[in-house]
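Okay, here's what each chain looks like letter by letter:
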Amino acid sequence: MIALGSDHAGLPLKRVIMKYLEEKGLEYKDYGTYSEESVHYPVFGVKAAKAVANGECDKGIIFCGTGVGISISANKVKGIRCVSCSEPYSALMAREHNDTNMLALGSRVVGDEVAKMIVDTWLNGEFLGGRHKIRVDQIKEVDETGEIK
Ligand code: RB5
């Protein structure tokens, strides 16, 4: 199950990606926003992030105008590693090296087709472990304790 969330600016791209996930037979849960009315991105970034952090969803994809504000918000939730991405190479590395569990896209930055390519790449990417695990474990340590040994 994929958690989705957006503000009003991210909504058009979220709708494109919802349709894309449906075509691929992938299940999602949309945590809002549901209309074009202006809203505040932290609310929806955090709602989707909490669904990933508590295990209700396996991964999350969130949207705002740039992908920046909503990714910063999601990253404040313990257990979340969210990447804001505008091309597929970083999307792949964000899975293989960083084991990200959320992806943020900017609807005013990436076109629909590039966004679909990023989503595909990110969803199919596998964490490589090894030396990357040491680094991701350090991120987790800071997340949990505020310190790094
Ligand atoms: C909304 O205008 C815009 O600021 C928001 O969607 C996002 O881009 C913030 O980072």
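Overview of the structure. Everything numeric in this text was worked out from a predicted model, so none of it was measured. (Residues numbered from 1 in each chain as written. Predicted model: local features only at pLDDT ≥ 70, side-chain atom pairs only at ≥ 80, totals over all residues. Heavy atoms only, no water.)

1. What about helix α1 (residues 11-23)?
Okay, step 1: For α1, built from 13 residues, the straight-helix expectation of 18 Å at 1.5 Å per residue is met to within 8% by its first-to-last C-alpha distance of 18 Å.
Okay, step 2: Those residues of α1 not exposed but buried are L11, L13, K14, I17, M18, Y20 and L21.
Okay, step 3: Packed against the buried residues of α1 are β1 (2-6), β2 (28-30), β3 (59-64), β5 (102-106) and α5 (112-124).
Okay, step 4: Looking one or two places after α1, you find G25, whose phi comes out positive at around 75°. (Helix = DSSP H or I, 4+ residues; strand = E, 2+ residues; numbered from the N terminus. Expected span 1.5 Å × (residues − 1). Buried < 20%, exposed > 50% of the residue type's maximum accessible area, 1.4 Å probe, protein only. Contact = heavy atoms within 4.5 Å.)

2. Considering the pattern of salt bridges
Okay, step 1: Tallied over the full model, the rule gives nine salt bridges.
Okay, step 2: A salt bridge links K29 to E56; its shortest N-O distance comes to 3.2 Å. With K29 in strand β2 and E56 in the loop between α2 (41-53) and β3, this residue pair connects regions lying 27 residues apart in the sequence.
Okay, step 3: Across the salt bridge formed by R95 and D99, the nearest N and O atoms sit 3.0 Å from each other.
Okay, step 4: On the basis of relative accessibility, which here comes to 17%, the residue D99 falls in the buried class.
Okay, step 5: Connected through salt bridges with shared partners, the residues R81, R95 and D99 form a single ionic network. (Salt bridge = Lys/Arg side-chain N within 4 Å of Asp/Glu carboxyl O.)

3. Focus: the site of the ligand
Okay, step 1: Taken together, the neighbourhood of the ligand is formed by D7, A9, Y41, C64, G65, T66, G69 and R108.
Okay, step 2: For the ligand, an oxygen atom lies 2.6 Å from a polar atom in the side chain of D7.
Okay, step 3: Measuring from an oxygen atom of the ligand, one finds a backbone N or O atom of G65 at 2.8 Å.
Okay, step 4: For the ligand, whose unbound accessible area comes to 290 Å², protein coverage reaches 71%.
Okay, step 5: Here the residues of the shell around the ligand sort into three nonpolar, three polar and two charged. (Near = heavy atom within 4 Å. Polar contact = N/O pair within 3.5 Å; in protein donor to acceptor, adjacent residues only side chain to side chain. Areas by Shrake-Rupley, 256 points an atom, 1.4 Å probe, with all protein chains shown as cover. Nonpolar A, V, L, I, M, F, W, Y, C, P; charged D, E, K, R; others polar.)

These figures come from the coordinates and say nothing about function on their own.
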